[in-house]
Amino acid sequence: MVAVVSLAGLVQGVKVFVAYKRNINAMQAMQVCTEQGGHLASIESLAEHNQVIAAIAATGYPIEGKQWLIGGTDRGIEGQWMWMGVDREMKYKNFRSGEPNNYQDQDCLMIIGVGPVKQWDDVWCDFVCYGFVCAYDLF
Ligand SMILES: [Ca+2]
Ligand SMILES: [Ca+2]
């Protein structure tokens, strides 16, 4: 497991993003993040999105064509996206064109790189992804 830390200074506090290369699904990733005192990453601004991309890049593992889990879900009400862990409605969004498509009931969220575009796509909650990103709220 590789961990790389990047800092995002925000109005509401400091959030640390840590990316992990590990083949697990969203629920397992959420459990790992929680056990470590964090949660599967919530992304609430473009600045945070870029911090998460940087945390993934810094692991040395690729983002191109790879599924990196973050903590969004629309499991409760289809199409109504929340950040699990912080239990907040998703306001900032950065989905790829054509996503989220809820293909065969996709209710969890990943970042994936397609060429120069690194954006979000909904994915099955039990799908084994390539890695995941935890967030730790420092204060
Ligand atoms: Ca869905
Ligand atoms: Ca999708």
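Given the structure is predicted, the values throughout are model-derived calculations rather than measurements. (Residues numbered from 1 in each chain as written. Chains lettered and ligands numbered in written order. Predicted model: local features only at pLDDT ≥ 70, side-chain atom pairs only at ≥ 80, totals over all residues.)

Chemist: What exactly am I supposed to notice about the overall build of the chain here?
Modeler: Regarding its fold elements, the chain presents 2 helices and 9 strands. Taking 14 Å as the expected radius of gyration for a compact globule of 139 residues, we find that the chain reaches 13 Å, a close match to that expectation. The principal-axis extents of the C-alpha atoms in the chain amount to approximately 35 × 30 × 25 Å. Out of the 139 residues in the chain, the part that is buried amounts to 35%. (Helix = DSSP H or I, 4+ residues; strand = E, 2+ residues; numbered from the N terminus. Rg over C-alpha atoms; globule rule 2.2 N^0.38 Å. Buried ≥ 20, exposed ≤ 12 C-beta atoms within 10 Å, placed from the backbone.)

Chemist: Just to check I follow, could you spell out the pairing of strand 9 (residues 131-137) for this structure?
Modeler: Burial analysis of strand 9 places 5 of its 7 residues in the buried class, which makes it a mostly covered element. Here strand 4 (residues 68-73) pairs with strand 9 via 2 bridges, running parallel. By the bridge assignment for strand 9, Leu69 is matched with Phe132. (Pairing = 2+ DSSP bridges.)

Chemist: Looking at this model, I keep getting lost on unusual backbone geometry. Mind explaining?
Modeler: Across the junction of Glu99 and Pro100, the peptide omega takes the value -5 degrees, indicating a cis bond. The phi angle at Asp87 is positive, at roughly 55 degrees, despite the residue not being glycine. Structurally, the position occupied by Asp87 is in the loop between strand 5 (82-83) and strand 6 (88-89). You can call Asp87 exposed: it has 9 C-beta atoms within 10 Å. With a phi close to 50 degrees, Asn102 is a non-glycine residue in the positive phi region. Within the secondary structure, Asn102 sits in the loop between strand 6 and strand 7 (108-114).

So yeah, pure geometry; function would need other evidence.
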